[in-house]
Amino acid sequence: MQMSNRVSGFQCSPIRRLVPFSRDAEEKGIHVIHLNIGQPDIKTPKEALDAIRSYDKDIIEYGISEGELFLRQGLARYYEKYGLKISPEDIMITTGGSEAIQFMFMTLCDPYDEFIIPEPYYTNVATFANIAMVTLRPVTSSSDDNFALPSIAEFEKRINKKTMGIMLCSPNNPTGHVYSHEELRGLLELCRKHDIFLVVDEVYREFCYDGKRFTSVLSFTDYQDRVICIDSFSKRFSMCGARIGAIVTRNREVLESALKLAQARLCPPAVEEVAAAAALNAPDDYVEAVRAEYERRRNVMISRMQRIPGVRCSLPKGSFYFVVDLPVDDAERFAIFMLRDFSYNGCTTMIAPAEGFYVTPGLGRQQARIAYVLNEEELLMAAECIERGLKVYRRTVMGIKD
Ligand SMILES: Cc1ncc(COP(=O)(O)O)c(C=O)c1O
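Below or above, wherever it landed, is the structure these notes cover. (Residues numbered from 1 in each chain as written. Predicted model: local features only at pLDDT ≥ 70, side-chain atom pairs only at ≥ 80, totals over all residues. Heavy atoms only, no water.)

1. Brief notes about helix 10 (residues 270–279)
The following threshold applies: Only protein chains enter the accessibility calculation, which uses a 1.4 Å probe; a residue whose area is less than 20% of its type maximum is buried, one above 50% is exposed, and one in between is partly exposed. Helical segments are the DSSP runs of H or I of at least four residues, strand segments are the runs of E of at least two, and each set is numbered from the N terminus. Note on contacts: a residue pair qualifies if any of its non-hydrogen atoms lie within 4.5 Å across the two residues.
In terms of residue burial, helix 10 counts as a mostly covered element, since eight of its ten residues are buried. Listed as buried for helix 10 are Ala270, Val271, Glu273, Ala275, Ala276, Ala277, Ala278 and Ala279. Those residues of helix 10 that are buried lie in contact with helix 3 (46–53), helix 4 (69–81), strand 2 (91–95) and strand 8 (244–248).

Pasting the structure below:
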């Protein structure tokens, strides 16, 4: 049967579309090291798990569409710890940061409106933009300068009557770049000049390294009408399956409009809201320990990957991903080769080909996104597999004699 043209035009997630190959490898008894997806192996805070275990209601009822007040109050207190004055009324709880992005596009844009976004970008944004029939206008950032923000002039060139906003992700998925105070201010001035929004996805807010300070877009109170923050509990508290996120903005009109969407989907997951509120009571050193662990893993993985001949990657400043240039003709072909045709000591890797993280066709074809969410031993084994796999791939598939 014929499916809609709309869905037929959507991409399958480059993070998940090679899963059939990894399943086949696993069925053959090969241990697949998953570098493709940001699923941490870190334990969820005990407070959150205990809250689920002790949930004692007789009925799991529908909750409030904008999210339970206790959770919004808890989140407001959490922001206060970072010096951000946010009231519970500035927060809408969503079914993950994913729904927050979807609601944001649906609320701000009509079909064929445009959003400007630095590429490579978090690939699922493409599908959310497609659902809302929003066109993404890319500004290309480059591995040559560690994916720094392109010039403000490059953003301005892409603004037209249809532009509703600029969307960033900081710390960035997939590049690991953390946007500075000056970069954000520059963009906010541009947004004010053209009367558009700045949306920043801050779901990796805590994961900044080398002493780099994180600047939240919410700290720019003088631009507060045009600032929207996307947030999530998934990574911060290693509770990706709980599906709790948020839209945070002091622009009440935005939240009032988004509420129509929230009411139609009734409420965010009710038991998980209780767990999320409990996670906010985890000791302050929980998140710090997680951050320090990711920083160690980053150091291990980057220094090992940089020793592989022909591989290029630089030290990311945040999140838990980086984009790597591979000495291959096509990173997707290489990713499939690793899953279907290669193993070393019973192991192989699954990487996310980066082409789907770009709007511009052809870009990222020789790049992959690597998530360093696993323990050091697994990461080192994965890098070993990549090094050995590259040698075989280049010789047997590309016909190159190194
Ligand atoms: C940048 C970014 N935003 C949003 C999300 C979605 O997160 P959630 O699990 O809260 O839907 C992710 C998930 O990987 C992400 O990396």
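And the narrative resumes.
2. Details of the site of the ligand
The criterion, for reference: Any residue with a heavy atom lying within 4 Å of a molecule or strand is counted as near it. Distance and chemistry together define a polar contact, namely a pair of N or O atoms within 3.5 Å, with one atom able to donate a hydrogen and the other to accept it when in protein, and with adjacent residues in sequence counting only for side-chain atoms on both sides. Here, Shrake-Rupley sampling with a 1.4 Å probe gives the accessible areas, and only protein chains in the shown set may cover a residue. Basically, the charged four are Asp, Glu, Lys and Arg, the nonpolar ten are Ala, Val, Leu, Ile, Met, Phe, Trp, Tyr, Cys and Pro, and anything else, Gly included, counts as polar.
As a structural note, the neighbourhood of the ligand is formed by 13 residues, with Gly97, Ser98, Asp201, Tyr204 and Ser232 the closest of them. Separating an oxygen atom of the ligand from a backbone N or O atom of Gly97 is a distance of 2.6 Å. The contact in question runs from an oxygen atom of the ligand to an N or O atom on the side chain of Ser232, over 2.6 Å. Here the ligand loses 93% of its free accessible area of 390 Å² to cover by the protein chains. Top element by residues in the shell around the ligand is helix 5 (residues 96–108). It accounts for three residues. Partitioning the shell around the ligand into residue classes produces four nonpolar, six polar and three charged.

3. Observations concerning the packing of helix 11 (residues 284–306) against helix 13 (residues 376–396)
Test applied: Every angle, taken between N-to-C directions, lies between 0 and 180 degrees, and every axis is a line fitted to C-alpha atoms, over only the stretch in contact when it is a helix. Throughout this description, any angle smaller than 35 degrees is read as roughly parallel, any larger than 145 degrees as roughly antiparallel, any in the 65 to 115 degree range as roughly perpendicular, and the remainder as oblique. What makes a crossing left-handed is the near helix being turned counterclockwise from the far one by less than a right angle; a clockwise turn instead makes it right-handed.
Running from N to C, helix 11 and helix 13 point in directions that differ by 20°, and their axes come no closer than 10 Å. Taken as axis vectors, helix 11 and helix 13 run roughly parallel relative to one another. Here helix 11 runs over helix 13; the crossing is right-handed. Contacts between helix 11 and helix 13 involve Arg296, Arg297, Val300, Met301, Arg304 and Met305 from the former and Glu376, Leu379, Leu380, Ala383, Glu384, Ile386 and Glu387 from the latter.

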